[in-house]
Amino acid sequence: MSQVVCLSFFRFDTLAARMWAFAMMGLARRPMQRVEGLGFWKLCGSGVGEGFTPIPNTAVYAILTTWPDVETARHQTQNAPIFARYRDKSAEHWTVFLAASSVRGEWAGKAPFTVSNHTENGPLAALTRATIKPSILARFWRRVPDISTVIGNDPNVVFKIGIGEVPWLHQVTFSIWPDATKMAAFARTGHHAEAIKAVRQEGWFREELYARFRVLEDQGSWNGTSPLKTLESA
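Residues numbered from 1 in each chain as written. Predicted model: local features only at pLDDT ≥ 70, side-chain atom pairs only at ≥ 80, totals over all residues. Heavy atoms only, no water.

I'd like to hear about the pattern of salt bridges, residue by residue, with values.
As enumerated under the stated definition, the model contains five salt bridges in all. Between K42 and E165 there is a salt bridge, with the nearest N and O atoms lying 3.7 Å from each other. Here K42 is found in strand β2 (residues 41–47), whereas its partner E165 is found in the loop between β6 (159–164) and β7 (170–177), with 123 residues between them in sequence. Among the salt bridges present, the one from D179 reaches K182, with a minimum N-O distance of 3.2 Å. Relative accessible area serves as the criterion here: at 22%, D179 is assigned to the partly exposed category. Among the charged side chains, a salt-bridge network with shared partners connects K42, R129 and E165. (Salt bridge = Lys/Arg side-chain N within 4 Å of Asp/Glu carboxyl O. Helix = DSSP H or I, 4+ residues; strand = E, 2+ residues; numbered from the N terminus. Buried < 20%, exposed > 50% of the residue type's maximum accessible area, 1.4 Å probe, protein only.)

Pulling in residues and values, what's your account of helix α3 (residues 70–79)?
Count 3.6 residues to each turn of an α-helix, and residues three or four apart come out pointing the same way. For α3, the full list of buried residues reads V70, A73, Q76 and T77. Projected down its long axis, α3 carries its buried residues within an arc of 140°, all on one side. Of the residues that open α3, the one with a side-chain oxygen 3.2 Å from the backbone nitrogen of E71 is D69. (Arc of directions from axis to C-beta. Polar contact = N/O pair within 3.5 Å; in protein donor to acceptor, adjacent residues only side chain to side chain.)

Describe in detail the nonpolar core, supporting the description with residues and values.
By size, the foremost hydrophobic cluster in this structure holds 30 residues, and its most contacted members are L7, F9, F113, L127, F174, I176 and F213. F10, M32, V35 and F97 belong to the second-largest nonpolar core, a separate cluster that totals 25 residues. (Core = buried A, V, L, I, M, F, W, Y, C linked by side-chain atoms within 4.5 Å.)

Tell me about the packing of aromatic side chains, residues and numbers included.
Scanning all chains against the criterion turns up 15 aromatic pairs. Aromatic side chains F9 and W222 sit 6.0 Å apart centroid to centroid with 55° between the ring planes, which places their arrangement in the tilted category. Taken together, the residues F9 in strand β1 (residues 4–11) and W222 in the loop between β8 (205–220) and α8 (229–233) connect sequence positions 213 residues apart. As far as burial versus exposure is concerned, F9 and W222 are alike and both buried. When the ring of W67 is compared with that of F83, the centres are 6.4 Å apart and the planes differ by 55°; the resulting orientation is tilted. Taken as a pair, W67 in strand β3 (residues 56–67) and F83 in helix α4 (residues 81–89) lie far apart in primary sequence, 16 residues in all. Judged by its relative accessible area of 1%, W67 is buried. Grouping aromatic residues by their ring pairs yields a cluster made of F9, W94, F159, F174 and W222. In this structure, R11 is placed above the aromatic ring of W222, and the distance from its NZ or CZ to the ring centre is 4.0 Å. (Phe/Tyr/Trp six-rings, centres within 6.5 Å; stacked < 30°, edge-to-face > 60°. Lys NZ or Arg CZ within 6 Å of the ring centre and 35° of its normal.)

Break down the environment of L124 for me, citing the residues and quoting the values.
Here L124 shows up in strand β5 (residues 124–132). Each residue touching L124, except ones within four places of it in the same chain, is listed here: S175, I176, W177, D179, A180, M183, R212, F213, R214 and V215. (Contact = heavy atoms within 4.5 Å.)

Keep in mind these values describe shape, not function.
What follows is the structure, encoded as structure tokens:
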């Protein structure tokens, strides 16, 4: 069996649904713990725009989960009661299924992702997670809009979003790319490369994790379609 990682995104349109989703950041913890087969998991909010801002977006939330195999992942993200509640309340939802190809670092003191034996041929996803030192918060968030603009203008990025467990302090970035070459080209140039250099030289983070994944499949839609259709047309 190979571990499967899922990122499930939910969009909430009405005020009542958004208030429900915000409350579930605390209330969903117990039902999540009861889901059979569930490994590591995190409930996340997002920022406005594409998520790469310090201003919370009350409309978009995400659930990151790990599962022992793809069959369990498919079944539970469709049938577990807590996921069904999120889908029923949301106006739109999308889940992408992933297999880790490389992982470096920890998340809350744990190694959440198990590297599979799959090659990195085909579309890839990148996930970074960092606990930001409070002393550099202003400096960090001044950098992020420039990076967001560059990634937003990159024609190769298939999907991108910024999410997090705690606003301002815990930042997660997630993006999907057609292949490793195009992903690397973005990471090594411009504002993103400058930010990485500053992180290393100035020690911005208390803890950080970087992971790459093979994109396996998806369910649902985002902005009216599957983001992976861009890959199919290419």
